[in-house]
Amino acid sequence: MVFGLKIFDVVALGELLVDFTENRNSFQGNPVFEANPGGAPCNVLSMLQRLGKKTAFIGKVGDDSFGRMLRDAVAGQRIDTGNIVMDSKVPTTLAFVHTAPDGDRSFSFYRNPGADMMLRKEEVNFSLVKNTKLFHFGTLSMTDPGIEEATKEAVKTAKDSGALVSFDPNLRPPLWDSLNKAKEKISYGISQCDILKISDDEIEFFTGTDDIDQGVAKIQEEYNVPLICATMGRRGSRAYCNGTRVECAPFLNKDTIETTGAGDTFMACVLNWVLDYGIDGMDSHRMHDMLGFANAASSIITTRKGALMVMPEESEVWGLMHERRKAENGI
């Protein structure tokens, strides 16, 4: 695909929040939580910046200590922050991440409302969207009518400007009044995107089957998405493009402590691959290389607390892949 002259590689719109992740227990035995900058769209942009891409974020935080911390953290990752809006009336969204012994997570959100969901169409600088090669979004920017309007206008602007559109459902059931509404917004996102990243749990939720291939086939039959990547946790990932299906094994890591940001890291690596090589030129070898790189990067982030501030460097990812090849060849 020919993008023409564009200022940004990727612009994302959505939530920017504080992830409070369990760090340790206090001397009294109480859990101690660390305030980590987070939010799926910005996590994606942070990894893309590590990979040499130019990015910008559109969203809203509270004009409070947490909001200012988030804005500064995003700027520190060299992501363009010109369209981060500060809300003086609604506080920054907070999420408490509870991690099970196997690394799986549950979430408690303080977002009723939170600033991220209060972004309005008239606050969006659509020139950013017109000047990007790829626009990325998820469902959390459609949980309130105002930001849903802003999101849909941004999607339309991106498509009209010739940008690719990527979508990650990033389903968080506690944030929806109705799971039927969540399913409706996922349907909209898939109908608009060129690149879909979807987890095994989300495939089952949306299609009613826990068979990944069958679920993806249902999605392809209805929506005809050019590139679909399915993440399967400890079972690795699959990609479907141009009639080809490729599966890649995970990089299981003995040092894994939590999985926050793993899907966002994976998403960023896929987008980076698409920006470098395009979708039309995807063959089985290129798809396998893409998944291998994304799986390796996702493995690294699971060894760290938080996501946005601690994304792996490109050299770390290639290093991990090199170590696997050496092990496979008995070196």
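On a predicted model such as this, the values are computed, not experimentally measured, just so you know. Within any chain, residue numbers begin from 1 and follow the written order of that chain's sequence. Residue-level local features of this predicted model are given only where pLDDT is at least 70; pairs of side-chain atoms are given and counted only at 80 or more, and the full residue set underlies all totals for whole chains, interfaces and linings. Heavy atoms throughout the structure, all of them, feed into the side-chain values; hydrogens and water do not.

### Things to note about the pairing of strand β11 (residues 227-231)
Remark: a regular strand shows side chains that alternate across the two faces of the sheet.
Okay, step 1: Of all 5 residues that make up β11, 5 are buried, and the element is covered over most of its length.
Okay, step 2: Of the two faces of β11, the one holding L227, C229 and T231 and the one holding I228 and A230 are both buried throughout.
Okay, step 3: In this scheme, strands are said to pair when DSSP sees at least two bridges between them. Every helix listed is a DSSP run of H or I at least four residues long, and every strand listed is a run of E at least two residues long, numbered separately from the N terminus. Across 5 bridges, the pairing between strand β10 (residues 195-199) and β11 is parallel. The residue bridging S199 from the neighbouring strand is T231, located in β11.
Okay, step 4: Bridge count between β11 and strand β12 (residues 237-241): 5 bridges; the pairing is antiparallel. The buried label goes to any residue with under 20% of its type's maximum accessible area, the exposed label to any with over 50%, and the partly exposed label to all in between, with areas taken from a 1.4 Å probe on protein chains only.

### Some points on the sheet that holds strand β13 (residues 244-248)
Paired through their backbone hydrogen bonds, the strands of a sheet run either parallel or antiparallel.
Okay, step 1: Strand order in the open sheet formed by 9 strands is β5-β4-β1-β8-β9-β10-β11-β12-β13, and the pairing between neighbours is mixed. Both outer strands of the open sheet, β5 (80-87) and β13, are each paired with one neighbouring strand and no more. If you compare each strand with its neighbour and ignore which way they point, the axes differ by 15° on average.
Okay, step 2: The contact criterion used is simple: two residues touch if any of their non-hydrogen atoms lie within 4.5 Å. Angular values range over 0 to 180 degrees, each being the angle between N-to-C directions of two axes fitted as lines to C-alpha atoms, with helices fitted over their stretch in contact. Sitting on the sheet, helix α7 (residues 212-223) is in contact with β10, β11, β12 and β13, with an inclination near 30° to β12.

### Section: the state of the cysteines
Okay, step 1: Here, two cysteine sulfur atoms that lie within 2.5 Å of each other are counted as a disulfide. A full pass over the atoms with the stated rule returns 0 disulfides.
Okay, step 2: Left unpaired, C42 is separated from the closest cysteine sulfur, that of C269, by 16 Å.
Okay, step 3: C229 supplies the cysteine sulfur nearest to C248, a cysteine that is in no disulfide, at a spacing of 11 Å.

### Observations regarding the nonpolar core
Okay, step 1: Nine residue types can take part in a nonpolar core, namely buried Ala, Val, Leu, Ile, Met, Phe, Trp, Tyr and Cys, and a core is a set of them joined through side-chain atoms within 4.5 Å. Of all hydrophobic cores here, the largest spans 54 residues; its most connected members are L16, I195, L227, V270 and M290.
Okay, step 2: No other element matches the 10 residues that helix α8 (residues 262-277) contributes to this core.
Okay, step 3: The contact partners of V270, leaving out residues within four places of it in the chain, are I195, L227, C229, M290 and A294.
Okay, step 4: Of all hydrophobic cores here, the second largest spans 42 residues; its members include F8, F126, A154 and A230.

### A word on the pattern of salt bridges
Okay, step 1: We define a salt bridge as a contact between a side-chain nitrogen of Lys or Arg and a carboxyl oxygen of Asp or Glu at a distance within 4 Å. Scanning the entire structure with this criterion turns up 22 salt bridges.
Okay, step 2: Here D160 makes a salt bridge to K156, at a shortest N to O gap of 2.8 Å. With D160 and K156 both in helix α4 (residues 145-160), this residue pair falls 4 residues apart, about one helical turn.
Okay, step 3: Residue class for K156 comes out partly exposed when judged on its relative accessible area of 46%.
Okay, step 4: With its nearest N and O atoms 2.9 Å apart, the salt bridge here joins D213 to R245.

### Regarding a negative patch on the surface
Okay, step 1: Residues D201, E204, D210 and D211 make up a contiguous surface patch of negative charge.
Okay, step 2: Along the chain, E204 turns up in helix α6 (residues 200-207).
Okay, step 3: The exposure class assigned to E204 is partly exposed, which follows from its relative accessible area of 41%. A patch consists of residues whose relative accessible area exceeds 30% and which take part in no salt bridge; residues with like charges are grouped when within 9 Å of each other, and nonpolar side chains (Val, Leu, Ile, Met, Phe, Trp, Tyr) when within 5 Å. Methods summary: accessible areas were calculated by the Shrake-Rupley approach with a probe of 1.4 Å, and residue burial reflects only the protein chains presented. Only four residue types enter the charge count, namely Lys and Arg as positive and Asp and Glu as negative; His and the chain termini do not. Charge positions come from single atoms, namely NZ of Lys, CZ of Arg, CG of Asp or CD of Glu.

### A word on the packing of aromatic side chains
Okay, step 1: Paired rings are identified among Phe, Tyr and Trp, the last through its six-membered ring, by centres lying within 6.5 Å, and are further divided according to the angle between planes into stacked (under 30 degrees), edge-to-face (over 60) and tilted (the rest). Under the counting rule described, the total for this entry stands at 11 aromatic pairs.
Okay, step 2: Look at F135 and F137: their rings are 6.1 Å apart centre to centre, the planes differ by 20°, and that puts the pair in the stacked class.
Okay, step 3: Relative accessible area serves as the criterion here: at 0%, F135 is assigned to the buried category.
Okay, step 4: The aromatic ring of F8 is capped on one face by K54, whose charged end is 5.5 Å from the ring centroid.
Okay, step 5: Whether a charge sits over a ring depends on NZ of Lys or CZ of Arg being within 6 Å of the ring centre and within 35 degrees of the ring normal. Over the ring of Y188 we find K152, and its NZ or CZ is 4.7 Å from the ring centre.

### Structural notes on the packing of helix α1 (residues 40-50) against α8
Okay, step 1: In contact at an axis separation of 8 Å, α1 and α8 are set at 50° when each is read in the N-to-C sense. Classed by the angle they form, the pair α1 and α8 counts as oblique. Both α1 and α8 take part in a crossing whose hand is right-handed. Between α1 and α8, the residues in contact are A40, N43, V44, M47 and L48 and D264, T265, M267, A268, C269, L271 and N272, respectively. Roughly parallel means an angle under 35 degrees; roughly antiparallel, over 145; roughly perpendicular, 65 to 115; everything else is oblique. By definition, any crossing whose near helix is turned counterclockwise from its far helix by less than a right angle is left-handed, and any crossing with a clockwise turn is right-handed.

### Concerning the side chain of D19
Okay, step 1: For D19, the position within the fold is in strand β2 (residues 17-25).
Okay, step 2: Of the residues examined, D19 reaches a relative accessible area of 8% and is grouped as buried.
Okay, step 3: Non-local contacts of D19, meaning those with residues more than four positions away in its chain, are made with E34, A35, N36, G38, G39, A95, V97 and T260.

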